[in-house]
Amino acid sequence: MVNGYTATSLQEALELRAKYPEVVPYAGGTDLMVEDRPGVTYLFLNKVPELKVITADDEFVRIGAGVTFTEALADELVPQLMKDAVSHIAAPAIRNAGTFGGNLGNGSAKADSVLIEFAADAKLQLVSLKGKRVVSVDQFYLGRKKIDLAADELIAEILLPKTGLDRYYYEKVGGRNALAISRVSFAGVFAEKGGKITNIAAAFGAVADTVLRFKKLEATLLGRTIDEAKSMKKDYLSAYAERMKLTRGRVSAEYRKDVCMNLLNEFLTNQGI
Ligand SMILES: Cc1cc2nc3c(=O)[nH]c(=O)nc-3n(C[C@H](O)[C@H](O)[C@H](O)COP(=O)(O)OP(=O)(O)OC[C@H]3O[C@@H](n4cnc5c(N)ncnc54)[C@H](O)[C@@H]3O)c2cc1C
């Protein structure tokens, strides 16, 4: 038997979270149901309406933590890059139940929607009875399965920038298609203005303890023309190869690094570099 409290509003969920810090938030349960945790008490969030909405303001598309992947795929506010990644998650049954908050809640470098949040410089809104705080996703991920979430907090929203995500490159190289957790995943975002590169972000998933981005390397191409970037490409790729220290997964670290480098190369080539 599964023990727990069911909250029917965000206020009630936060009150329960504050009163019983040991309860484990439970959204779709697709990760939690495969864990064996006898005696655990859950806080069921699937009836909290405030967590299940997608809205937009001037700056951000705001995806509620309790929104499922299937719901996001059907919503026109959600950027295509996020839809591409989410459509690669497992099989329909998992996408119907699995949520954005749950994908973040494990602190996993394999989480497909989180990869896009890293590439997009997304922010997260965390809430407790004490108030709200906004953190960037790379600050939220503290290392292997560690996240910056206090015992009385919940993830409330994912804030994706509304603009700048149209030019992208996304690939997930998995082992067993529909039910595969990523072996290597890659998301690149690119923007140019007046012939100069204004944004370049390359995020690598499932290859280390956390999602990897090398912001200092990215920055070396900012403000350059495509031709200048092209002339720097060889050195740029070598610098990445040197910096990239990958862990072994079900396949070797060397194989994963080769795949990462090929994906990065392909991303640059697609942008004319
Ligand atoms: C067969 C199978 C295949 C899968 N394939 C993929 C895949 O291809 N790609 C992928 O990324 N994932 C995959 N997963 C993992 C899983 O489906 C996702 O991580 C999903 O997003 C989890 O969401 P959930 O709502 O089910 O989370 P839950 O299982 O309910 O919770 C997961 C974690 O998040 C915490 N949590 C949930 N909501 C909140 C909140 N609002 N605030 C704070 N903490 C919260 C929970 O306490 C728990 O620690 C797969 C899982 C299975 C079983």
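Residues numbered from 1 in each chain as written. Predicted model: local features only at pLDDT ≥ 70, side-chain atom pairs only at ≥ 80, totals over all residues. Heavy atoms only, no water.

Quick notes on the overall build of the chain
Counting its regular elements, the chain contains 10 helices and 13 strands. Relative to the globule expectation of 19 Å for 273 residues, the C-alpha radius of gyration of the chain, 19 Å, shows essentially globular dimensions. If one aligns the C-alpha atoms of the chain with their principal axes, the spans along those axes are about 60 × 45 × 30 Å. Buried positions account for 49% of the 273 residues belonging to the chain. Expressed as a percentage of contacts within the chain between residues at least 6 apart in sequence, the contacts between residues at least 24 apart total 60%. Per element, the accessible surface of the chain, about 13100 Å² overall, is 51% carbon and sulfur. Within the chain, one finds 36 positive and 34 negative side-chain charges whose respective centroids are separated by 5 Å. (Helix = DSSP H or I, 4+ residues; strand = E, 2+ residues; numbered from the N terminus. Rg over C-alpha atoms; globule rule 2.2 N^0.38 Å. Buried < 20%, exposed > 50% of the residue type's maximum accessible area, 1.4 Å probe, protein only. Contact = heavy atoms within 4.5 Å. Areas by Shrake-Rupley, 256 points an atom, 1.4 Å probe, with all protein chains shown as cover. Lys, Arg positive; Asp, Glu negative; His and termini not counted. Charge placed at Lys NZ, Arg CZ, Asp CG, Glu CD.)

Some words on the domain arrangement of the chain
With domains assigned, the chain is organised as domain 1 (48–161) and domain 2 (168–270). Between the C-alpha centres of domain 1 and domain 2 the distance comes to 22 Å. Approximately 1900 Å² of surface area, both sides summed, lies buried where domain 1 meets domain 2, with 61% of it carried by carbon and sulfur atoms. Counting the contacts that link domain 1 with domain 2 gives 4 salt bridges. Between aspartate 121 and lysine 215 there is a salt bridge, with the nearest N and O atoms lying 3.6 Å from each other. (Domains from an automatic or database assignment. Buried area = accessible area lost by both parts, 1.4 Å probe. Salt bridge = Lys/Arg side-chain N within 4 Å of Asp/Glu carboxyl O.)

What to know about the sheet that holds strand S1 (residues 3–6)
Pairing within the open sheet is parallel, and its 3 strands lie in the order S1-S3-S2. What marks the edges here is a single partner per strand, and that holds for S1 and strand S2 (24–26). Each adjacent strand pair in this sheet contributes to an overall mean axis angle of 35°, direction not counted. Sheet analysis places S1 next to strand S3 (residues 41–44), joined by 4 bridges and oriented parallel. From the neighbouring strand, glycine 4 faces S3, where its bridge partner is tyrosine 42. In the packing of helix H1 (residues 10–19) onto the sheet, the strands contacted are S1, S2 and S3, and the crossing angle to S3 comes to about 160°. (Pairing = 2+ DSSP bridges. Axes fitted to C-alpha atoms, helices over the stretch in contact; angles between N-to-C directions.)

Concerning the site of the ligand
The full set close to the ligand counts 31 residues, and Pro25, Thr30, Asp31, Thr99 and Asp112 are the nearest of them. Within the backbone of alanine 27, one N or O atom sits 2.8 Å away from an oxygen atom of the ligand. A distance of 2.6 Å separates an oxygen atom of the ligand from a polar side-chain atom of threonine 99. With the chains in place, 91% of the 980 Å² that the ligand exposes on its own is no longer accessible. If you list the elements that add at least two residues to the shell around the ligand, you get S2, helix H5 (100–105) and strand S10 (154–161). Element by element, the count of residues in the shell around the ligand is highest for H5, at 4 residues. Taken together, the residues that form the shell around the ligand break down as 17 nonpolar, 10 polar and 4 charged. Two domains each provide a minimum of three residues to the shell around the ligand, namely domain 1 (48–161) and domain 2 (168–270). (Near = heavy atom within 4 Å. Polar contact = N/O pair within 3.5 Å; in protein donor to acceptor, adjacent residues only side chain to side chain. Nonpolar A, V, L, I, M, F, W, Y, C, P; charged D, E, K, R; others polar.)

A word on the packing of aromatic side chains
Applying the stated criterion across every chain yields a total of 15 aromatic pairs. An aromatic cluster is built from Tyr169, Phe186, Phe204, Phe214, Tyr236, Tyr240 and Phe267, whose rings are joined through pairwise contacts. (Phe/Tyr/Trp six-rings, centres within 6.5 Å; stacked < 30°, edge-to-face > 60°.)

Remarks on the environment of methionine 82
Along the chain, methionine 82 falls in helix H3 (residues 80–87). The sequence separation of methionine 82 and lysine 215 amounts to 133 residues, and the corresponding C-alpha distance is 21 Å. Discounting residues that sit within four places of it in the chain, methionine 82 has contacts with Phe100, Ser113, Ile116, Glu117 and Leu160.

Describing helix H10 (residues 253–270)
Over its 18 residues, H10 runs 26 Å from end to end, which matches the ideal 26 Å to within 8%, given 1.5 Å per residue. Residues of H10 that are buried include every one of Ala253, Arg256, Val259, Cys260, Met261, Leu263, Leu264, Phe267 and Leu268, and no others. Packed against the buried residues of H10 are strand S11 (168–173), strand S12 (184–193), strand S13 (196–205) and helix H9 (226–243). (Expected span 1.5 Å × (residues − 1).)

As for the pairing of S3
Remark: a regular strand shows side chains that alternate across the two faces of the sheet. With 3 bridges connecting them, S2 and S3 associate as parallel partners. Residue pairing for S3: proline 25 is matched across the bridge by leucine 43.

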